[in-house]
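Next come the chains, spelled out residue by residue.
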Number of protein chains: 2
Amino acid sequence: MRKLIVQKYGGSSLANPERIKNVARRVAGYRKNGHELVVVVSALGDTTDELIELAAKISRNPPEREMDMLLSTGEQISVALLAMAIHELGYGAISLTGSQVGIITDTAHTKARIVKIEADKIHQELKRGKIVIVAGFQGMTPQADITTLGRGGSDLTAVALAQTLRADECEIYTDVEGVYTTDPRVEQKARKLGEITYDEMLEMASLGAQVMQARSIEVAKKFDVPIHVRSSFSDKSGTMIIREVKNMEDVLVTGITLNKNESKITICNVPDRPGIAAKIFNQLAEGGINVDMIVQNVSHTRQTDISFTVPKPDAARAVKLTRKGAREIGELEVLQDDDISRVSIVGVGMKTHSGVAAKMFETLAKEKINIEMISTSEISISCIIKKKFSETAVRALHAQFGLDKGK
Amino acid sequence: MRKLIVQKYGGSSLANPERIKNVARRVAGYRKNGHELVVVVSALGDTTDELIELAAKISRNPPEREMDMLLSTGEQISVALLAMAIHELGYGAISLTGSQVGIITDTAHTKARIVKIEADKIHQELKRGKIVIVAGFQGMTPQADITTLGRGGSDLTAVALAQTLRADECEIYTDVEGVYTTDPRVEQKARKLGEITYDEMLEMASLGAQVMQARSIEVAKKFDVPIHVRSSFSDKSGTMIIREVKNMEDVLVTGITLNKNESKITICNVPDRPGIAAKIFNQLAEGGINVDMIVQNVSHTRQTDISFTVPKPDAARAVKLTRKGAREIGELEVLQDDDISRVSIVGVGMKTHSGVAAKMFETLAKEKINIEMISTSEISISCIIKKKFSETAVRALHAQFGLDKGK
């Protein structure tokens, strides 16, 4: 059957001429089998970081419109080179920038949102038998200013195109073979998942799994675009991210994530009266700091401790802002602890099963791991523990929830 | 007086962040004095060559449309960085790609011709008080494909913009201080010319002077756009390229050029009958080889020699094609000589003065330099000599025509 396939290749899949040729061979292979292809690419290797460094040498605070003008060249280089590599194999290909496709965004430079995608140009080129190569991560405002979509923007381009074009498949190629039950570098027994739901993937992404950014999964979920995450270095099938997994109810936990990039901040002896938390977290929000987990215990006295986590690079600034807020309340002590990690279990199955949390705490207790903070969502449970116990915790939970045995 | 000034900065003026900041300071200085500025930039330093090398690793014969997609990123990086650097100095600037300006070209990728320039966007941004930074060397077809203008394309962008916008001045910034009577590396006494005519500059450009490409001078001449060629590393005024120089008639020779990058090819004992030269040069033309000087002596016998010069990189291929043609005529000997150079004198004054050629030959004879080929145009005389005499010839002619003494 002739299919319309949207594929996206990340920077590591395009890091050098050999890899670009490898991607071209893969794309040509699909074309040879009669499929129509729209290929979205990121910037080669570390190009984006290099351009950011270059800008930093010119200005400490470059205008965002000009950053977008600069960064969008990265993907433009990729589309041109991939189109050349495909031509070299004897297949017709045409490269298009985000502007040329007609990916219309709002004017929020460096983190623009897609407003609509004009599909005419792509349909026209597909009809002419071309493989269409689209620069990911970028679009343009209605005034024809170039915009970029922020982190994970190329995935977003691919998902949005798959939706707009009503593609039969949306493949996200990366340097890992799919989504794993946990990080294989931490637990060798980690298994590649055949399927995972949007919700689980969203939860895992926000808890630290780096396969895909949450944003593009949200869009895929919204429009019900099935995503196939797989490796550009292998022919094995990867992981399907879909609405519902068949044997969903049988599995309590789908994956385990580990995040070592957060710091814990604790405000001690906070007076137990309304408005205090609001004051402090408003201050952090105004400072542009993304607070993650927040835990406040019920108080038996008139005082309580409030703990929260922030990304480690923001920790020093967060402490400063918190101390400022704390001073306005009273002379409260503010502590920072970088020596922590967050281990989380994720699974839609836990919606309908009780006892999953208890099993998690029990498992950690058996390993003599103290839990410093606990936070839960409908389909995940996270514990903050001392960093040195990270790997032990992941392995113990991986075994306890039967993840090494397969679904 | 408030002026509208078009400036163009070449790659060497933008080779690193310090130089970009230097250009920004210069541009800001003009803005501070109340002028309106449209600044055209080339790609940073060797960016274009690096992109060409990258493409060569992917394909030996990349599609030209994709080359343009690739190469146009070079200027896009430049405009973004220069706009940032100007912002950093507290002035408003906006970068525009060729497409965003509306530089409409034909579809001859890698060597497109400008069809028209939409000036609305630039006027609009100037009215908003912005310094407008335009990516040189690029445009787009009516179908919105990105094109590039070929060698010297950024100069062409500047001259065409100066014409379209009716700019008061068009400044071409480069790494030399202007146009010299001859190459200062060859003759220390070379003088910077205050003025030179379009025709002389055209002749000097085509004879090897590398300040500006002939193409943009032709456009400047056509629309009578005065060009100021000057250095971005100095505040001194440079050379004005204009229609008529006041004291034109008094000066026989304006400049002397030297070109060491040609080879001489001679076909010996060519039968003296019609159609032979046509046959051979058609073959070269079909091979895409640009033949430069052609000399054929009148023949006293039924045979003659034909000599011509080609760019050195094309010489081997030219000899092969010539031998092929020669075989069809008879077994003619074809000789290649790389050990030559061309020295030329240029000046509109020689239009109205006789004896200039004689004086040139006499000067060379005095230095015991043998002349192998002679060719003349209305305002230039070129001699092919042995390469080892190049510098001696230039210096002798420079002195003989009084170029070290000033106009």
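Our subject is the structure that appears above.
Described below are features of the structure shown in this document. Just so it is clear, the model here is predicted, and its values are computed rather than measured.

**Focus on the overall build of chain A**
And step 1. Helix and strand counts for chain A stand at twelve helices and 20 strands.
And step 2. By the compact-globule yardstick of 22 Å for 407 residues, chain A fits well, its C-alpha radius of gyration being 23 Å.
And step 3. Summarising its shape, the C-alpha atoms of chain A cover approximately 75 × 50 × 35 Å along the three principal directions.
And step 4. By the burial criterion, 47% of the 407 residues in chain A qualify as buried.
And step 5. Taking contacts inside chain A between residues at least 6 apart in sequence as the whole, the part at least 24 apart equals 75%.

**Structural notes on the nonpolar core**
And step 1. The biggest cluster of nonpolar side chains holds 207 residues, and the ones touching the most others in it are Leu82(A), Ile133(A), Leu82(B) and Ile133(B).
And step 2. Among the domains, domain 1 (4–175) and domain 2 (245–407) of chain A are the pair contributing at least three residues each to this core.

**Observations concerning the sheet that holds strand β9 (residues 169–174) of chain A**
Residue and element names in this part refer to chain A.
And step 1. If you walk across this open sheet you meet the eight strands as β3-β6-β2-β1-β9-β11-β12-β10, and the pairing is mixed. Of all the strands in the sheet, just β3 (93–96) and β10 (195–197) have a single pairing partner and so form its edges. Strand-to-strand twist of the sheet, defined as the mean angle between neighbouring strand axes without regard to direction, takes the value 20 degrees.

**As for the relation of the copies chain A and chain B**
And step 1. Between chain A and chain B, the superposition needs a rotation of 180 degrees and an axial shift of 0.0 Å, giving an RMSD of 0.1 Å. Both copies are brought into coincidence by an operation consistent with a two-fold rotation axis. Residues of chain A ranked by C-alpha distance from the rotation axis are headed by Thr73(A), positioned 2.6 Å from it.
And step 2. Interface overlap between copies: 100% of the residues of chain A at the interface are likewise at the interface in chain B, consistent with a symmetric, same-surface contact.

**With respect to the packing of helix α2 (residues 47–58) of chain A against helix α3 (residues 64–88) of chain B**
And step 1. Interhelical geometry of α2(A) versus α3(B) gives an angle of 30 degrees and a closest axis separation of 9 Å. Regarding the angle of α2(A) to α3(B), the classification is roughly parallel. Pair α2(A) / α3(B) crosses with right-handed handedness. Only Leu81(B), Met84(B), Ala85(B) and Glu88(B) of α3(B) make contact with α2(A), whose side of the interface consists of Leu54(A), Ala55(A) and Ile58(A).
And step 2. Of the residues assigned to the contact of α2(A) with α3(B), the class counts are six nonpolar, no polar and one charged.

**Some remarks on the pairing of strand β18 (residues 340–346) of chain B**
Residues and elements named next belong to chain B.
And step 1. Most of β18 sits out of view: seven of its seven residues are buried.
And step 2. Side chains Ile-340, Arg-342, Ser-344 and Val-346 of β18 all project onto a buried face; the interleaved residues Ser-341, Val-343 and Ile-345 project onto the opposite face, where all are buried too.
And step 3. As paired strands, strand β13 (residues 255–259) and β18 are joined by five bridges and run antiparallel to one another. From the neighbouring strand, Asn-259 faces β18, where its bridge partner is Arg-342.

**Let's talk about helix α10 (residues 315–329) of chain B**
Residues and elements named next belong to chain B.
And step 1. With 15 residues, α10 extends 21 Å between its outermost C-alpha atoms, agreeing within 8% with the 21 Å of an ideal straight helix rising 1.5 Å per residue.
And step 2. All of the buried residues along α10 are Ala-318, Leu-321, Thr-322, Gly-325 and Ala-326. Viewed along the axis of α10, the buried residues span an arc of 140 degrees, placing them on a single side of the element. Structural note: α10 exposes Lys-320 and Arg-327 on the side pointing more than 90 degrees away from its buried face.
And step 3. Residues of α10 that are buried make contact with β14 (262–271), α9 (276–286), β16 (303–311) and β17 (334–337).

**So, the sheet that holds strand β19 (residues 373–377) of chain B**
Residues and elements named next belong to chain B.
And step 1. Ordered by their spatial adjacency, four strands build an open sheet running β13-β18-β20-β19, and the pairing between neighbours is antiparallel. Every other strand in the sheet has two partners, leaving β13 and β19 as the edge strands with one partner each. Neighbouring strand axes in the sheet, compared pairwise and without regard to direction, differ in orientation by 20 degrees on average.
And step 2. Helix α11 (residues 356–366) contacts β18, β19 and β20 (380–386) of the sheet and is inclined by roughly 20 degrees relative to β20.

**Quick notes on the interface of chain A and chain B**
How big an interface is tends to be stated in terms of the accessible area lost upon association of its parts.
And step 1. The interface is formed by 27 residues belonging to chain A together with 27 residues belonging to chain B.
And step 2. Listed by contribution, the elements that provide at least two residues to the side of chain A that touches chain B are α1 (17–32), α2 and α3 (64–88) of chain A.
And step 3. Ranked by residues supplied to the side of chain A that touches chain B, first place goes to α3(A) with 14 residues.
And step 4. Taken together, the residues that form the side of chain A that touches chain B break down as 17 nonpolar, six polar and four charged.

**Remarks on helix α8 (residues 214–223) of chain B**
And step 1. Here α8(B) has its buried residues at Arg215(B), Ser216(B), Ile217(B) and Ala220(B).
And step 2. Those residues of α8(B) that are buried are in contact with α6 (153–164), α7 (198–206), β11 (227–231) and β12 (239–242) of chain B.

**Focus on the environment of Lys127(B)**
And step 1. Within the secondary structure, Lys127(B) is located in helix α5 (residues 120–127).
And step 2. Through-space distance from the C-alpha of Lys127(B) to that of Glu36(B) is 9.1 Å; in sequence the pair is 91 residues apart.

Reading the values: rules and limits
Residues numbered from 1 in each chain as written. Chains lettered and ligands numbered in written order. Predicted model: local features only at pLDDT ≥ 70, side-chain atom pairs only at ≥ 80, totals over all residues. Helix = DSSP H or I, 4+ residues; strand = E, 2+ residues; numbered from the N terminus. Rg over C-alpha atoms; globule rule 2.2 N^0.38 Å. Buried ≥ 20, exposed ≤ 12 C-beta atoms within 10 Å, placed from the backbone. Contact = placed C-beta atoms within 7 Å. Core = buried A, V, L, I, M, F, W, Y, C linked by C-beta atoms within 7 Å. Domains from an automatic or database assignment. Pairing = 2+ DSSP bridges. Axes fitted to C-alpha atoms, helices over the stretch in contact; angles between N-to-C directions. Least-squares fit on C-alpha atoms with pLDDT ≥ 70 in both. Parallel < 35°, antiparallel > 145°, perpendicular 65-115°, else oblique. Left-handed = near helix turned anticlockwise from the far one by under 90°. Nonpolar A, V, L, I, M, F, W, Y, C, P; charged D, E, K, R; others polar. Expected span 1.5 Å × (residues − 1). Arc of directions from axis to C-beta.

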